[in-house]
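Below are the chains, spelled out letter by letter.
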Amino acid sequence: MGDVRDLRIVVIGAGMGGLGTALAFAKKGFKHIDVFETASNLGFVGAGIQMPPNVVRVLDRLGCWDEIYAEATNVKGTSIRQGSTDIELSHVEMPDIEEKYGFPHCTGHRSSLAGGLYNGCKKESAIKFHFSTALVRVDSFAPKPTITVKPRDGDEYSVEADIVLASDGIKSVTRTQMLAELGMESEEEDTGQAAYRIMLNRAEMAHDPEMLALLDSDTVVRWVGERRHIIAYPVSNKQVYNLSSAQPDDNFAAATNATYTTKASKSAMLDVYGDFCPLVHRMLNLVPDGEVCEWKLRVHKPLATWVHGAVALLGDACHPTLPHLSQGAAMAIEDGAVLAEVVSKIPADKMHDPETVGKALKVYELLRKPHCSALVDMAAHSGRTLHLGAGKAKEERDREFRQNGKTGSVPDKWASPDVQKMIYANDCVQEAIDNYERLFATL
């Protein structure tokens, strides 16, 4: 009899979701995992990332958390401030996150998270990376999916798999082809928002006591204003201060490249936050001229399906989100862990049965789609609340902020105890274990 772990798994994309997926399958004992990535290496742009307890739980199971945690900041609170005055609207203490949920809430450098996952993958002989190799098309979705890939300096060639898992991002080629095959259109949409991402190092901030206090804290700070905000926190052993913004997509160049980024004007950035407080201005002024980058924030209309045949979408390919809940990368890594769990449950005598494989992948969708959709909607709602202008709605928001989470709810849903409980207590792998048989039987 065969062994389900002999199935040939192909992963498209080596972002957070792709790396997490490959490592999750290797940890479940799968022996043939190929990862195809267009880029020549894992050159993640310099940006911070939040690692909440729900994803730390997965990273710990994958055996790579200790390396990542060594450089991370363990967050103990959040300060939400009026952007124009630096006056604190709310301070929500989070001293017992690890005690409540078993794992801490941390911030870190994006390259640290990716590096930890990649180093974990490199220890697994089952995983083979194919960098500088782009997906050209999906030639068949079932019974054995076949894809065509092209190395940057070589000819196209065909790859046959038993299962293809597409973590190829907001501009997913796999998603576009899957929907076309099903008679649907791929519908990306602008959010009307863009983001600056800034990294300041300790040496640049050393002259300013207020800046150093931010860098040496265990606090996530959010400065809010009408239609825009900045969120900031220390990373890299508190040697780097990360700032990420969200503002109207007014200054973005008309033509964008494949990653929706453009070189931006420093003066335009300063104008966007012109009425913010002097502390924010001093930090923004540290960004060198010519090094300002702006990201267009895009999402995708909800998909009718994430699965077709033996091909499944994950991460931004199927549920891209605004960053206001800090769950984008976490959801993608969780997706991979759940996929590995459900595929490992395929009986050996059914491992080459297209119907069984397809149903197992649909169980993944049933487990993840309601949860991820709720988080995507909540992130969008939280952004609208943070960006309120003058009026009764803002007055009510600020009144709720002043309760500092004592009512169990905070308008900034990232910091809200009720939302944290819903998200952080969710063990996606255990949920898959507990519900697989029941959900499979419904298909």
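Residues numbered from 1 in each chain as written. Predicted model: local features only at pLDDT ≥ 70, side-chain atom pairs only at ≥ 80, totals over all residues. Heavy atoms only, no water.

Note the cut-off: UniProt positions are given in the numbering used here, feature names are shortened, and annotations may be inferred rather than shown by experiment.
Per an unreviewed UniProt entry, the protein chain goes by FAD-binding domain-containing protein and derives from Chaetomidium leptoderma. Looking at the Sequence similarities (unreviewed entry) heading of the UniProt record, one finds this comment for the protein chain: "Belongs to the paxM FAD-dependent monooxygenase family."

Quick look at the overall build of the protein chain
Threshold: A run of H or I in DSSP counts as a helix once it spans at least four residues, and a run of E counts as a strand once it spans at least two, with each numbered from the N terminus. The contact rule is simple, with two residues in contact once any of their heavy atoms fall within 4.5 Å. The Shrake-Rupley method, run with a 1.4 Å probe sphere, supplies the accessible areas, and residue values consider only the shown protein chains as cover. His residues and chain termini do not enter the charge count, which takes Lys and Arg as positive and Asp and Glu as negative. The atom standing in for a charge is NZ when the residue is Lys, CZ when it is Arg, CG when it is Asp and CD when it is Glu.
For the protein chain, the count of helices and strands is 15 helices and 20 strands. Look at the contacts in the protein chain between residues 6 or more apart in sequence, and 73% of them connect residues 24 or more apart. Accessible area of the protein chain: about 17600 Å², with a carbon and sulfur share of 50%. Between the averaged position of the 48 positive side-chain charges in the protein chain and that of its 60 negative side-chain charges there is a distance of 1 Å.

Side note on helix α15 (residues 428–441)
Each turn of an α-helix holds 3.6 residues, which means side chains three or four residues apart point in the same direction. Applicable threshold: Helix span is expected to be 1.5 Å times the residue number reduced by one. The reported bend at a residue is simply the angle between two axes, fitted to the 7 residues ending at it and to the 7 residues beginning with it. A simple rule labels every residue: compare its accessible area, found with a 1.4 Å probe on the protein chains alone, to the largest value its type can have, and call it buried under 20%, exposed over 50%, or partly exposed in between.
In a regular helix each residue adds 1.5 Å, so 14 residues correspond to 20 Å; α15 covers 19 Å between its end C-alpha atoms and thus fits that length. The sharpest bend along α15 comes to roughly 55°, located at N435. Taken as a whole, α15 has its buried residues at C428, V429, A432, N435, Y436 and L439. Where α15 is buried, its residues touch α2 (53–61), α11 (328–344) and α12 (354–386).

Things to note about the sheet that holds strand β9 (residues 133–140)
In sheet architecture, strand pairing relies on hydrogen bonds along the backbone and comes in two forms, parallel and antiparallel. What counts, and what does not: Two strands pair if DSSP finds at least two bridges between them. Every angle, taken between N-to-C directions, lies between 0 and 180 degrees, and every axis is a line fitted to C-alpha atoms, over only the stretch in contact when it is a helix.
Spatially, the three strands line up as an open sheet ordered β9-β10-β11, and their pairing is antiparallel. Two strands bound the open sheet, and with one partner strand each, they are β9 and β11 (157–160). The average undirected angle you get between the axes of adjacent strands in this sheet is 30°. Alignment of strand β10 (residues 146–151) against β11, held across four bridges, turns out to be antiparallel. Looking at the pairing, V149 lines up with Y157 of β11.

Re the UniProt feature "transmembrane region" (unreviewed entry) in the protein chain
UniProt's entry tags residues 7–26 with the feature "transmembrane region" (unreviewed entry), counted in the numbering of this structure. Annotated as 55% helix and 25% strand, the span residues 7–26 places its first and last C-alpha atoms 12 Å apart.

As for the pairing of strand β6 (residues 88–93)
One face of the sheet, then the other: side chains in a regular strand alternate in exactly this way. Sheet analysis places strand β5 (residues 77–82) next to β6, joined by five bridges and oriented antiparallel. Paired with I80 across the strands is S90, a residue of β6. Connecting β5 to the antiparallel partner β6 that follows it, the hairpin turn spans five residues, and D86 within it adopts a positive phi of roughly 70°.

Observations concerning the packing of aromatic side chains
Defined as follows: In this scheme Phe, Tyr and Trp rings, the latter by its six-membered ring, pair at centre separations within 6.5 Å, and the angle between planes marks the pair as stacked below 30 degrees, edge-to-face above 60, and tilted otherwise. Ring-over charges, as used throughout, are those where CZ of Arg or NZ of Lys falls within 6 Å of the ring centre and within 35 degrees of the ring normal.
Counted according to the given criterion, the structure contains nine aromatic pairs. Taking the centre distance of 5.0 Å and the plane angle of 75° together, the rings of Y118 and F129 count as edge-to-face. One end of the pair, Y118, is in helix α5 (residues 110–122); the other, F129, is in strand β8 (residues 127–130), and eleven residues separate them in sequence. Judged by its relative accessible area of 17%, F129 falls in the buried class. Members of the aromatic cluster, connected to one another through ring pairs, are Y118, F129 and F131. The aromatic ring of W295 is capped on one face by R197, whose charged end is 4.8 Å from the ring centroid.

Description of the nonpolar core
Rules: By nonpolar core we mean a set of buried residues, namely Ala, Val, Leu, Ile, Met, Phe, Trp, Tyr and Cys, connected to one another through side-chain atoms within 4.5 Å.
Core analysis: the biggest nonpolar cluster contains 111 residues, and I33, M51, L117 and Y364 have the highest contact counts within it. The element best represented in this core is α12, accounting for eleven residues. Every residue in contact with M51, bar those within four places of it in the chain, is listed here: V56, W65, I68, A72, P104, H105, C106, T107, G108 and L113. Among the nonpolar cores identified, the runner-up in size contains 26 residues, and I230, Y273, V280 and V292 belong to it.

Notes on the sheet that holds strand β2 (residues 32–36)
Pairing is mixed in the open sheet, where six strands are placed in the order β8-β2-β1-β12-β20-β19. In this open sheet, the two edge strands, each paired with only one partner strand, are β8 and β19 (307–308). One ladder, built from two bridges, connects β19 with strand β20 (residues 311–313); its direction is antiparallel. Counted as the bridge partner of V307 is A312 from β20. Here helix α6 (residues 173–181) sits on the sheet in contact with β12 (163–166), β19 and β20, set at roughly 120° to β20.

A few points about the pattern of salt bridges
Under the convention used in this document: Only one rule defines a salt bridge in this text: a Lys or Arg side-chain nitrogen within 4 Å of an Asp or Glu carboxyl oxygen.
All told, the structure shown has 30 salt bridges when counted by the stated rule. Close ionic contact of R282 with D208 constitutes a salt bridge, the shortest N to O distance being 2.6 Å. Within this pair, whereas R282 is found in helix α10 (residues 278–285), its partner D208 is found in the loop between α7 (202–205) and α8 (209–215), the two being separated by 74 residues in sequence. Assessed through its relative accessible area of 30%, R282 is described here as partly exposed. Residue D398 pairs with K394 through a salt bridge whose shortest N-O separation is 3.0 Å. Of this pair, D398 and K394 both sit in helix α13 (residues 392–401), four residues apart, roughly one helical turn.

Comments concerning unusual backbone geometry
Along the chain, A142 connects to P143 via a cis peptide bond; the corresponding omega equals -5°. Relative to the assigned elements, P143 resides in the loop between β9 and β10. Positive phi, normally seen in glycine, also occurs at S236, with a value near 50°. Accessibility expressed as a relative area gives 17% for S236, which makes it buried. Its identity is not glycine, yet K238 carries a phi of approximately 60°, on the positive side. Tracing the backbone shows K238 in the loop between β15 (228–235) and β16 (240–248).

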